[in-house]
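What follows is each chain in one-letter form.
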Amino acid sequence: MAETKARCHCSVPLCKSNKQRQPYLSFHGFPTELSLRKKWIKVVRRDEGPNFKIKQGSTFVCSRHFSESDYYTNDSRLALADRANFTNRGRIKRLKIGSVPSRFQWNNWGEGTPRRESAYKRASTRLGHDICPALPLEQSLPCEEEAMEEVAASVVMTEHDYGSAPKPGALDAAAARIQQLEDEVKELTTELSQLKVSQVLFHRFCVSDKDILFYTRFTSRDVFCYFWEAIQPSASMVVYWSKAQKKGQTFEPLSPSPTRRLQLVDEFFLFCCRVAAGLQEKVLADMFQVSVSTVSRVVITWANYLYLLLGSLPIWMSKQQVKNTMPSKFVQYSPDVRVIIDCTEVRCQNPSSLTLQSEVFSSYKNTTTFKGLIGIAPCGAVTFVSSLFTGSISDRELTERSGLLDLLEPGDGCMADKGFTIEKLLADLGATLIIPPFKMTAQFTKEDALKTQAIARLRILVERAIRRVKEYRIWQHTVPLTLSGTVNQLWTVCCVMTNFQGPLDLKGYIPVE
């Protein structure tokens, strides 16, 4: 167990001493005596195995793990060197026989774990004064029995009651208290999430009425605020479509979606930016600092919500309402008109299936489209919106399948263009078809020319209504097939929301009552 001079490393865990970096340390090999070697192995906490083998001349323990009392003193070393005929060079360090390492990092280098102060001292330090002052010298100590009784009483008072049964009603009170605390935690969590949300993004982007018109197609801030105040109570109960889809297969009642990343008004503004401004989902994700999937989920959720909300409005006007709001030029030329209809198409993505291509291909637009029917009252309000059909459908079949004929009554007039060959269908209902006259001779007669001009002046309103719908820029791009499940909802919402943009013809406009 003498000091070695070769390059070596300490084998004690957490010790990184080596002879090259710490030449002032001495390194000692494991003893050959079996019992003493077992003691060394036990105290260094390294059992021999595949990862650790004790080899003579290569496994050492440095002098940091021995105390000074484990080494021979200078006098003893000199005597031992003289006996062995060695020259004492002053650098030889020899361990005493039977020495065992005792200083390690896990025992604070031999000093042991510091003794913990008593509870009285810790409390006195924390409170700043002595809670158990010493008795005066002249005061006599109580007798031993009284002291034992006081100690026993204090032990009884401070002992925990884990093993005792609770008092009657204690569990109910504890459960009620826990429920109360959980409710407080939920309220504080909601308030914290609302505080983390930055300023409403709507106010950041919509500074003027022109900005509001660009992003939302509402004519002014007041109109937007009125619309939002009308839908806000029900919007707070909106459930994301992904959650509703999962719950649709069960009979469990749906609860509102948890606190969202965006405020409700910002979600509605995001939906308007996607539909009205036509911004792509990646752009919206960067604007609102959310993921693209969140943008898609918000758009689909709000499209279905507004479809149900606006679809429940009675937009079909009665005969009396039509007459009360009819402009004077209609009274002069077509007093019996109830609705003005026309079809329009929006371009869609070309499907890979040849069968679907033939169904959605429009010979009129010479591309793949979706086709829908819009009807307006003489005052310009949109009163009928059909679902979108494939582009190959004819105007006659679309009118028959749209459900418009179920709303017409005997004596109603339906104004359309020459492509609507539905005169027989309307005659069965007692209604009349008002279309421009067909050219039977080389030129129109004076009466036919005047009638054509009058109908054209009146039918221009439905063209303006369709233009308003097409101003929602989502329809200016090709509709992807991934939106086929939501395209009807988006189409209906855009058509109905044009009613919030004001009258189509300011001359002779009479508000709807």
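A. Summary view of the overall build of the protein chain. Check the secondary structure of the protein chain and you find 19 helices and nine strands. Counting only residues that meet the buried cut, the protein chain has 37% of its 513 residues in that class. At a minimum sequence separation of 6, the contacts of the protein chain that also span at least 24 residues come to 63%.

B. How the structure looks around the packing of helix α10 (residues 264-275) against helix α11 (residues 281-288). At a minimum axis separation of 10 Å, α10 and α11 run at an interaxial angle of 150 degrees. As the angle between them shows, α10 and α11 are arranged roughly antiparallel. Crossing hand, α10 versus α11: right-handed. On α11, the residues touching Asp266, Phe269, Leu270, Cys273 and Arg274 of α10 are Glu281, Leu284 and Phe288. Residues belonging to the contact of α10 with α11 are distributed by class as follows: five nonpolar, no polar and three charged.

C. Quick peek at unusual backbone geometry. The backbone of Arg45 shows a phi angle near 60 degrees, a positive value even though the residue is not glycine. Residue position: Arg45 is located in the loop between α1 (34-44) and β2 (60-62). One non-glycine residue, Gln289, lies in positive phi territory at about 55 degrees. For Gln289, a relative accessible area of 60% puts it in the exposed group.

D. Broad picture of the pattern of salt bridges. Taken as a whole and judged by the stated rule, the model has ten salt bridges. A salt bridge links Lys319 to Glu409; its shortest N-O distance comes to 4.0 Å. Here Lys319, found in helix α13 (residues 319-324), pairs with Glu409, found in the loop between α16 (395-402) and β8 (413-415); they are 90 residues apart in sequence, far enough to count as distant. Where Asp412 meets Arg338, a salt bridge forms, and the shortest distance between an N and an O atom there is 2.7 Å. Placement of the pair is Asp412 in the loop between α16 and β8 and Arg338 in strand β3 (residues 337-347), with a sequence separation of 74 residues. Within the structure, one salt-bridge network assembled from shared partners comprises Lys319, Arg338, Glu409 and Asp412.

E. A look at the pairing of β3. Across the eleven residues of β3, ten count as buried, placing the element largely inside the fold. Bridge count between β3 and β8: three bridges; the pairing is parallel. By the bridge assignment, Ile340 is partnered in β8 with Met415. Sheet topology places β3 next to strand β5 (residues 367-376); eight bridges connect them, and they run antiparallel. Its bridge partner lying in β5, Thr344 is registered against Gly372.

F. Up close: a negative patch on the surface. A cluster of acidic side chains, namely Glu182, Asp183, Glu184, Glu187 and Glu191, defines a negative patch on the protein surface. Mapped onto the elements, Glu191 comes out in helix α5 (residues 170-196). Among the residues examined, Glu191 registers a relative accessible area of 45% and is labelled partly exposed.

G. Spotlight on the packing of aromatic side chains. Under the definition given, this model contains 19 aromatic pairs. Look at Phe104 and Trp106: their rings are 4.7 Å apart centre to centre, the planes differ by 5 degrees, and that puts the pair in the stacked class. With relative accessibility at 3%, the residue Phe104 sits in the buried group. What links up through ring pairs into an aromatic cluster is the set Phe218, Phe224, Phe227, Trp228, Phe268, Trp302, Tyr305 and Phe500. The ring of Tyr240 has Arg297 lying over it, and the distance from NZ or CZ to the ring centre is 5.4 Å.

H. Fine view of helix α7 (residues 209-216). Considered for burial, the residues of α7 that qualify are Ile212, Tyr215 and Thr216. What you see down the axis of α7 is that its buried residues fit within an arc of 75 degrees, all on one side. As for α7, its buried residues are in contact with α6 (201-205), α8 (221-235) and α10. Looking one or two residues beyond α7, the residue adopting positive phi is Arg217, at roughly 70 degrees.

I. Geometry of the packing of α8 against helix α12 (residues 292-311). Where α8 meets α12, the closest approach of the two axes is 12 Å, and the angle between their N-to-C directions is 105 degrees. In terms of axis orientation, α8 runs roughly perpendicular to α12. Across the interface between the two elements, Phe227, Trp228, Ile231, Ser234 and Ala235 from α8 touch Trp302, Tyr305, Leu306, Leu309 and Leu310 from α12. Here the contact of α8 with α12 is composed, by residue class, of nine nonpolar, one polar and no charged.

J. A look at the confidence of the model for the protein chain. Residues at a pLDDT of 70 or more form 77% of the protein chain, whose mean pLDDT is 81. Across residues 135-144, confidence stays below pLDDT 50; counting only partners more than four residues off in sequence or on other chains, it has one contact. Long-range and interchain partners of residues 155-159, a stretch whose pLDDT sits below 50, account for zero contacts in this model, where long-range means more than four residues apart.

K. Here's a closer look at the state of the cysteines. Counted under the stated rule, the structure contains zero disulfides. With no disulfide of its own, Cys62 lies closest to Cys10 among cysteine sulfurs, the gap being 3.7 Å.

L. Layout of the pairing of β5. Most of β5 sits out of view: nine of its ten residues are buried. Sheet analysis places β5 next to strand β7 (residues 389-390), joined by two bridges and oriented antiparallel. By the bridge assignment, Phe370 is partnered in β7 with Thr390. The sheet contact formed by β5 and strand β6 (residues 382-385) spans three bridges and is antiparallel. Within β6, the position partnered with Gly375 by the bridge is Phe384.

About the criteria used
Residues numbered from 1 in each chain as written. Predicted model: local features only at pLDDT ≥ 70, side-chain atom pairs only at ≥ 80, totals over all residues. Heavy atoms only, no water. Helix = DSSP H or I, 4+ residues; strand = E, 2+ residues; numbered from the N terminus. Buried < 20%, exposed > 50% of the residue type's maximum accessible area, 1.4 Å probe, protein only. Contact = heavy atoms within 4.5 Å. Axes fitted to C-alpha atoms, helices over the stretch in contact; angles between N-to-C directions. Parallel < 35°, antiparallel > 145°, perpendicular 65-115°, else oblique. Left-handed = near helix turned anticlockwise from the far one by under 90°. Nonpolar A, V, L, I, M, F, W, Y, C, P; charged D, E, K, R; others polar. Salt bridge = Lys/Arg side-chain N within 4 Å of Asp/Glu carboxyl O. Pairing = 2+ DSSP bridges. Patch = residues over 30% accessible without salt bridge, like charges linked within 9 Å, V, L, I, M, F, W, Y side chains within 5 Å. Areas by Shrake-Rupley, 256 points an atom, 1.4 Å probe, with all protein chains shown as cover. Lys, Arg positive; Asp, Glu negative; His and termini not counted. Charge placed at Lys NZ, Arg CZ, Asp CG, Glu CD. Phe/Tyr/Trp six-rings, centres within 6.5 Å; stacked < 30°, edge-to-face > 60°. Lys NZ or Arg CZ within 6 Å of the ring centre and 35° of its normal. Arc of directions from axis to C-beta. pLDDT = per-residue confidence, 0-100. Disulfide = S-S within 2.5 Å.

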